[in-house]
Amino acid sequence: MAKEINTIGVLTSGGDAPGMNAAIRAVVREAIAKGKKVKGIKRGYAGLLQEEIIDMQAKDVSDIIQRGGTILQTARCMEFTTPEGQQRGAEICKKHGIGGVIVIGGDGSFKGAQKLAALGINTIGLPGTIDLDIACTEYTIGFDTAVNTAMEAIDKVRDTSTSHERCSIIEVMGRGAGYIALWCGIANGAEDILLPEKYDYDEQKLVNHIIENRKRGKQHHIIINAEGIGHSSSMAKRIEAATGVETRATILGHMQRGGNPTCKDRVYASTMGAMAVDLLCEGKSNRVVGYRHGDFEDFDIDEALAMEKGIPEYQYEISKNLSL
């Protein structure tokens, strides 16, 4: 028989993402509607180990759905990667009567949830990352807002790049995953897109492409560069020296993490938050909520972490054709 969960904990871990507050709000209110108590765990696993645990009522999550970031704050915690830290985390949950924890974060956060589940604390993971790099789901909380923020910024850079007939290298977030770069490359009509999964580091191809476009009368050239490749400023200097075309680098940075979440991030994060509570109430554990083929589904964390996710080949191929 599945154990009954009376108190649910919720934490945000790893990088923050717009829509996390919508998920927290949904967790709190869905749990209360189901007759459960909710405890907020501040600063992720680091806060759990320091017992930064607060009671949460419905009013505590009023007026947060439109806010970026996370009201519970977030941090990375090396101690929780150790068996000793994980054991202490489980004991602290039991001490505070927390029978189930909802973890909002990325792959690293899910590994922590996996360990808690093995130690008797029911866990449900919600995919909270702007990078869209969790293999079991087609949607992650924060990606839609981040990619729209980047797209709007790139539109503005493109305006001035065209006015000055420049080449612009615009660096977007994505240390190991190129989804923001790919989407912005297509949405902003970039001439070149550099992805960690695809880039061969042959800068001469970029140089040749810029020169060819100039000969065809193109007045500007936009290169979207993923953070995982980086070095945009030094790349700009080399390209300007090789082409004679004024080249500037713009690094968008952490602005992509902030801002009011889009409607999609608010609605999807709310749905996922409520579903996580429902799964705990059903006695489920070691699961991740995802979105695939038009439906919200739950997956075993072990299976989810074992999945691999690549760049969609068709989108990548057409991005090159559409940049002609």
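In case you missed it, the structure is sitting above this.
Just so you know, the residues in each chain are numbered from 1, in the order the chain's sequence is written. Owing to the predicted nature of the model, reporting of local features is limited to residues with pLDDT of at least 70; listing and counting of side-chain atom pairs is limited to 80 or more, with chain, interface and lining totals taken over all residues. Side-chain figures throughout are based on the complete set of non-hydrogen atoms in the structure, without hydrogens or water.

Would you mind going over the environment of I311 with me for this structure?
Put simply, DSSP H or I for four residues or longer makes a helix, DSSP E for two residues or longer makes a strand, and each gets a number counted from the N terminus. Assignment of secondary structure puts I311 in the loop between α10 (301-306) and α11 (313-322). Only protein chains enter the accessibility calculation, which uses a 1.4 Å probe; a residue is then buried when its area is under 20% of its type maximum, exposed when over 50%, and partly exposed in between. Take I311: its relative accessible area is 7%, and that puts it in the buried class. Between the alpha carbons of I311 and P196 there is a distance of 9.8 Å; along the sequence they are 115 residues apart. Two residues form a contact once any of their heavy atoms are found within 4.5 Å. Dropping the residues within four chain positions of it, I311 is found in contact with G178, Y179, L182, L195, E197, K198 and Y316.

Whenever I open this one, the environment of R238 confuses me. Can you help?
Inspection of the secondary structure assignment puts R238 in helix α8 (residues 232-243). Each C-alpha atom, one on R238 and one on T145, is 33 Å from the other, the two residues being 93 residues apart in sequence. Under the rule applied, a polar contact is a pair of N or O atoms within 3.5 Å (in protein, one hydrogen donor and one hydrogen acceptor; residues adjacent in sequence only if both atoms are side-chain atoms). A distance of 2.6 Å separates polar atoms of two side chains, one belonging to R238 and the other to E203.

What exactly am I supposed to notice about the packing of helix α7 (residues 203-215) against α8 here?
Two quantities define a packed helix pair, namely the angle between the helix axes and the distance between the axes. The interhelical angle for the contact between α7 and α8, taken along N-to-C directions, is 50°, at an axis separation of 10 Å. Classified by the angle their axes make, α7 and α8 are oblique. Handedness of the α7/α8 crossing: right-handed. Residue-level contacts link E203, L206, V207, I210 and I211 of α7 to M235, R238, I239, A242 and T243 of α8. Asp, Glu, Lys and Arg are counted as charged, while Ala, Val, Leu, Ile, Met, Phe, Trp, Tyr, Cys and Pro are counted as nonpolar; the rest, among them Gly, fall into the polar class. Here the contact of α7 with α8 is built from residues that sort into 7 nonpolar, 1 polar and 2 charged. An axis is simply a line fitted to the C-alpha atoms; with a helix, the fit covers only the stretch in contact. Between two such axes, the angle follows the N-to-C directions and lies from 0 to 180 degrees. Any angle that falls under 35 degrees is termed roughly parallel, while one over 145 is termed roughly antiparallel, one within 65 to 115 roughly perpendicular, and all others oblique. If you view the pair so one helix is near and one far, a crossing is left-handed when the near helix is turned anticlockwise from the far one by less than a right angle, and right-handed when it is turned clockwise.

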